[in-house]
Amino acid sequence: MRENKQSQSDIYFTEHILSLTPYASARDEYAGAEGVFLDANENPYSSADGQGYNRYPDPYQWAVKRKIGLMKGVQPAQIFLGNGSDEPIDLLIRAACEPRQDNMLIMPPTYGMYQVCADVQNIETLKVPLTPDFQIDTNAVLAAINPFTKIVWVCSPNNPSGNLLSRRSIIQILENFRGLVVVDEAYIDFAAAAPDSFVAELENYPNLVVLQTFSKAWGLAGLRLGMAFASSGIVGVLNKIKYPYNINILTQQALLQTLNFEERKNEMVRQILYERENLRQQLALLPFVSYIYPSDSNMLLAKFDDAQAVFDYLVGQKIIVRNRSKVQLCAGCLRVSVGTAQENNSLIDSLLKFKP
Ligand SMILES: *Cc1c(COP(=O)(O)O)cnc(C)c1O
């Protein structure tokens with residue numbers, strides 16, 4: 001046990017994570033920007049390509065976080081940056097769940113990484129399916145939670161169904177569950193309710209963690225940058241167990257640049273939403289498409305008479321969509337990411353030639 005007063009967020013994390021001593025990097029011990037740096041065994045000249053990557057990056061990415069903080073209306077200390085959202089997903093599970101003892105809850109069909117990260121850690125996953133119209137079965141979720149449940153994962157807008165989940169249901173879980181509630185908002189920029197991000201609720205719910213990513217609306221999937229927003233106490237625990245220099249210099253520099261182009265991001269989002277509606281209308285005309293689910297994201301989940309046959313046919317045409325027909329509640333469904341007008345036209349042209 002630690003002798004000093006427990007911070008409020010300590011209740012979410014395992015004893016050994018709270019008591020471990022993190023790696024102290026050279027830049028932890030001296031954070032100033034100027035001086036003669038002989039502390040980190042770096043190459044003093046430059047990188048071999050002359051580009052000047054010889055110094056370690058800022059382990060806490062403060063310049064980037066100040067900019068994100070202004071954009072999102074949170075303090076830099078409430079932001080964690082990871083190598084994609086995958087990193088905070090993995091770290092949250094490792095920090096909150098004791099292997100072979102604790103569990104976490106997901107609501108299939110949902111994003112696959114939650115369960116994969118839990119399986120790697122030998123942590124049980126409780127599954128409470130969404131309703132057939134892909135909403136939270138709130139009573140079933142609250143009934144399934146037990147004293148060993150440490151995290152509830154909420155993906156909104158949900159992947160692969162594409163829809164926003166009921167705000168009321170999420171609030172009910174936040175208010176009735178004492179563990180962490182992680183709301184994954186990877187697709188929030190595409191939702192009409194984008195200004196209603198749960199980031200604005202951080203002050204009201206100390207157990208809330210919100211995930212967002214630069215991989216979708218911002219178009220930076222290749223950089224690998226995910227964000228977690230939470231209390232500074234929760235972010236502090238993630239910082240303690242991450243790899244010290246988890247975001248490299250190139251990525252930090254590229255992000256600082258890209259953040260200047262928020263209007264371009266918004267423009268692309270508007271274009272994708274416009275194309276999504278076109279694509280929906282075109283798909284709806286096909287006789288072998290029986291249903292298209294409502295979407296608040298950049299994907300459409302559509303039900304086909306014979307999803308596997310359509311999928312195989314499209315692969316033959318070098319058009320790749322995601323076959324979700326084996327996934328719970330998604331029988332017969334293919335998931336289509338909204339592409340450019342030209343890409344969507346190629347898809348529709350091919351489908352018009354499909355012989356069921
Ligand atoms: C795409 C996606 C992410 C983003 O993952 P990154 O690792 O940041 O690229 C997170 N959550 C969901 C539900 C997604 O679909």
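Residues numbered from 1 in each chain as written. Predicted model: local features only at pLDDT ≥ 70, side-chain atom pairs only at ≥ 80, totals over all residues. Heavy atoms only, no water.

**Describing the site of the ligand**
Around the ligand lies a shell of 13 residues, among which Tyr-187, Thr-213, Ser-215, Lys-216 and Arg-224 are the nearest. Within the backbone of Ser-85, one N or O atom sits 2.7 Å away from an oxygen atom of the ligand. Asp-184 is positioned such that a nitrogen or oxygen atom in its side chain is 2.7 Å from a nitrogen atom of the ligand. Here the shell around the ligand is built from residues that sort into four nonpolar, five polar and four charged. (Near = heavy atom within 4 Å. Polar contact = N/O pair within 3.5 Å; in protein donor to acceptor, adjacent residues only side chain to side chain. Nonpolar A, V, L, I, M, F, W, Y, C, P; charged D, E, K, R; others polar.)

**What about the sheet that holds strand S11 (residues 333-337)?**
Strand order in the open sheet made by the four strands is S8-S9-S11-S10, with antiparallel pairing throughout. The strands lining the two open edges of the sheet, one partner per strand, are strand S8 (289-292) and strand S10 (322-323). Two strands pair when backbone bridges link them, and S8 and strand S9 (residues 299-304) are joined in this way by three bridges, in the antiparallel orientation. Residue Tyr-291 lies in a different strand from S9, and its bridge partner there is Lys-303. Sheet contacts for helix H11 (residues 307-316): S9, S10 and S11; angle to S11, the most-contacted strand, approximately 40 degrees. (Pairing = 2+ DSSP bridges. Helix = DSSP H or I, 4+ residues; strand = E, 2+ residues; numbered from the N terminus. Contact = heavy atoms within 4.5 Å. Axes fitted to C-alpha atoms, helices over the stretch in contact; angles between N-to-C directions.)

**Quick notes on helix H7 (residues 167-176)**
Of the residues making up H7, those classed as buried are Ser-169, Ile-170, Ile-171, Ile-173 and Leu-174. Each element contacted by the buried residues of H7 is listed here: helix H6 (138-144), strand S4 (149-155), strand S5 (180-184) and strand S6 (208-213). Put simply, Ser-166 is the residue that caps the front of H7, since its side-chain oxygen is 3.2 Å from the backbone nitrogen of Arg-168. (Buried < 20%, exposed > 50% of the residue type's maximum accessible area, 1.4 Å probe, protein only.)

**Overview of the packing of aromatic side chains**
With the rule as written, the count across this model stands at twelve aromatic pairs. An angle of 85 degrees between the planes, with centres 6.3 Å apart, marks the rings of Tyr-12 and Phe-13 as edge-to-face. With respect to burial, Tyr-12 and Phe-13 carry one shared label: buried. Among the aromatic residues, ring-to-ring pairing joins Phe-288, Phe-304, Tyr-313 and Phe-354 into one connected group. Here Lys-65 stacks its cationic end above the ring of Trp-62, 5.2 Å away from the centre of that ring. Directly above the aromatic system of Phe-198 lies the positively charged group of Arg-167, at a separation of 4.3 Å from the ring centroid. (Phe/Tyr/Trp six-rings, centres within 6.5 Å; stacked < 30°, edge-to-face > 60°. Lys NZ or Arg CZ within 6 Å of the ring centre and 35° of its normal.)

**Thoughts on unusual backbone geometry**
In this structure, the amide linkage connecting Pro-108 to the following residue, Pro-109, adopts the cis form with an omega of 0 degrees. Its place among the elements puts Pro-109 in the loop between strand S2 (103-106) and helix H5 (113-120). Phi angles above zero are rare outside glycine, and Asn-41 is one such case at about 55 degrees. With respect to the helices and strands, the residue Asn-41 is situated in the loop between helix H2 (26-29) and helix H3 (62-72). In the Ramachandran plot, Lys-318 falls in the positive-phi region, its phi being about 60 degrees despite a non-glycine side chain. Among the structural elements, Lys-318 can be located in the loop between H11 and S10.

**Thoughts on the nonpolar core**
The nonpolar side chains of a soluble globular protein tend to be buried, and buried together. Of all hydrophobic cores here, the largest spans 43 residues; its most connected members are Ile-68, Met-107, Ile-136, Val-154, Phe-214 and Phe-229. Broken down by secondary-structure element, the contributors of at least two residues to this core are H3, strand S1 (79-82), S4, H7, S5, S6 and strand S7 (226-229). In terms of residue count, H7 provides more of this core than any other element does, four residues in total. Here Ile-68 is in contact with Ile-79, Leu-81, Phe-214, Met-227, Phe-229, Leu-255 and Leu-259, once residues within four sequence places are set aside. (Core = buried A, V, L, I, M, F, W, Y, C linked by side-chain atoms within 4.5 Å.)

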